[in-house]
Amino acid sequence: ARKMASDIDEMEKMLNDYLQYAKSQSEEDYVNININDLLADIMKNYENSKYDMVLANKINIHGKKNLIRRSISNIIENGLSYGNKVFIELKKSVSSAIIVIGDNGPGIPKKEYENVFKPFYKIDKSRSLNRSGVGLGLSIAQDIIKSHGGNIILSESEHKGLEVKIFFPF
C-alpha cells in the first residue's frame, strides 16, 4: 500500500507540474532574457559542489522567461538525479544560444534517446533506484524549447553520463 501511495503522490506532483506548465504557457508574455543571468539564478539553488558552469558569452534571447527557466531546471534536476554533478556551458552559434548540460551519471543507451521525451516513459527499473522515473521533466522541457523555435539534442557526455544540448534562436 505504501508503494501505491507514493505512486499516487508522484502522479499528483506530475499532474500539478503539467497544469502549472499549461497555465503559464498561455499566460506568459515574451520578454528579453539574459541567459547568463537566468542560469546563474537557477544555479543559486544548488551547492557549489554540484555543478561546474562556464558562461563565456553574454547572450540574450526572446522568450517566456518562466517556461525557459523551467525547461532548463527540469534538465538540471534530471542530471542531478542520475549523476552527482552537472557540467553547464553556454555557447553561441551564428543564430542560437546553446546551453550544454552534461552529467556524470550512468548515461542512457542511444536507443532510448527518442523515448525519454515521451511523457511518463521509464527506462528499465534498475536505473531508477533513487527515482521512479523520468516523469514529465524532459517531455515538458522539449515542448517548451520547441515552442520557442529551438531544439534539444541528446548525446553521451565526456563525463560518461548524458549530455543535453539546448538551442534557442536569438
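Residues numbered from 1 in each chain as written. Predicted model: local features only at pLDDT ≥ 70, side-chain atom pairs only at ≥ 80, totals over all residues. Heavy atoms only, no water.

Caption draft 1: Quick peek at the overall build of the protein chain. Broken down by element type, the protein chain carries four helices and seven strands. Moving toward the C terminus, one meets the helices and strands of the protein chain in the order α-β-α-β-β-α-β-β-α-β-β. Principal-axis analysis of the C-alpha atoms places the extent of the protein chain at approximately 50 × 40 × 30 Å. Looking at the protein chain residue by residue over its 170 residues, the buried ones come to 46%. Contacts in the protein chain between residues far apart in sequence, at least 24 positions, make up 68% of those at least 6 positions apart. (Helix = DSSP H or I, 4+ residues; strand = E, 2+ residues; numbered from the N terminus. Buried < 20%, exposed > 50% of the residue type's maximum accessible area, 1.4 Å probe, protein only. Contact = heavy atoms within 4.5 Å.)

Caption draft 2: Inspection of the layout of surface pockets at higher detail. Its volume calculated, the second largest pocket comes out at about 170 Å³. Surrounding the second largest pocket, 13 residues form its lining, Phe87, Glu89, Val100, His159 and Glu163 being those nearest its centre. Among the elements of the structure, strand E2 (51–55), strand E4 (86–92) and strand E5 (96–103) are those that each provide at least two residues to the lining of the second largest pocket. Top element by residues in the lining of the second largest pocket is E4. It accounts for four residues. Looking at the lining of the second largest pocket, its residues break down into six nonpolar, two polar and five charged. (1 Å grid on protein atoms, 1.4 Å probe; cavity = no way out; pocket = protein on both sides within 12 Å on 5 of 7 lines; lining within 4 Å. Points joined across faces, edges and corners; volume = space filled by probe spheres on them. Nonpolar A, V, L, I, M, F, W, Y, C, P; charged D, E, K, R; others polar.)

Caption draft 3: Layout of helix H4 (residues 137–147). Within the span of H4, buried status applies to Leu138, Ser139, Ile140, Ala141, Gln142, Ile144 and Ile145. Turning to H4, the residues buried within the fold contact helix H1 (2–27), helix H3 (65–82), strand E6 (151–156) and strand E7 (162–169). A positive backbone phi angle near 75° is found at Gly149, which sits one or two residues after H4.

Caption draft 4: Structural view of the environment of Leu80. With respect to the helices and strands, Leu80 occurs in helix H3. Residue classification places Leu80 among the buried residues on the basis of a relative accessible area of 18%. With 74 residues separating them in the primary sequence, Leu80 and Leu154 have C-alpha atoms 16 Å apart. Not counting the four nearest positions on each side in its chain, Leu80 is found in contact with Tyr46, Lys50, Lys85 and Val86.

Caption draft 5: The pattern of salt bridges, seen in detail. Going through the model one piece at a time under the given rule, you end up with five salt bridges. For the salt bridge of Asp41 with Arg69, the shortest nitrogen-to-oxygen distance reads 2.6 Å. Taken together, the residues Asp41 in helix H2 (residues 35–43) and Arg69 in helix H3 connect sequence positions 28 residues apart. Owing to a relative accessible area of 24%, Arg69 belongs among the partly exposed residues under this scheme. A salt bridge links Glu156 to Lys160, with the shortest nitrogen-to-oxygen separation between them at 3.9 Å. Given a relative accessible area of 43%, Glu156 falls into the partly exposed group. Residue Lys160 is classed as exposed on the basis of its relative accessible area of 57%. Taken together, the shared-partner salt bridges connect Asp41, Lys44 and Arg69 into one network. (Salt bridge = Lys/Arg side-chain N within 4 Å of Asp/Glu carboxyl O.)

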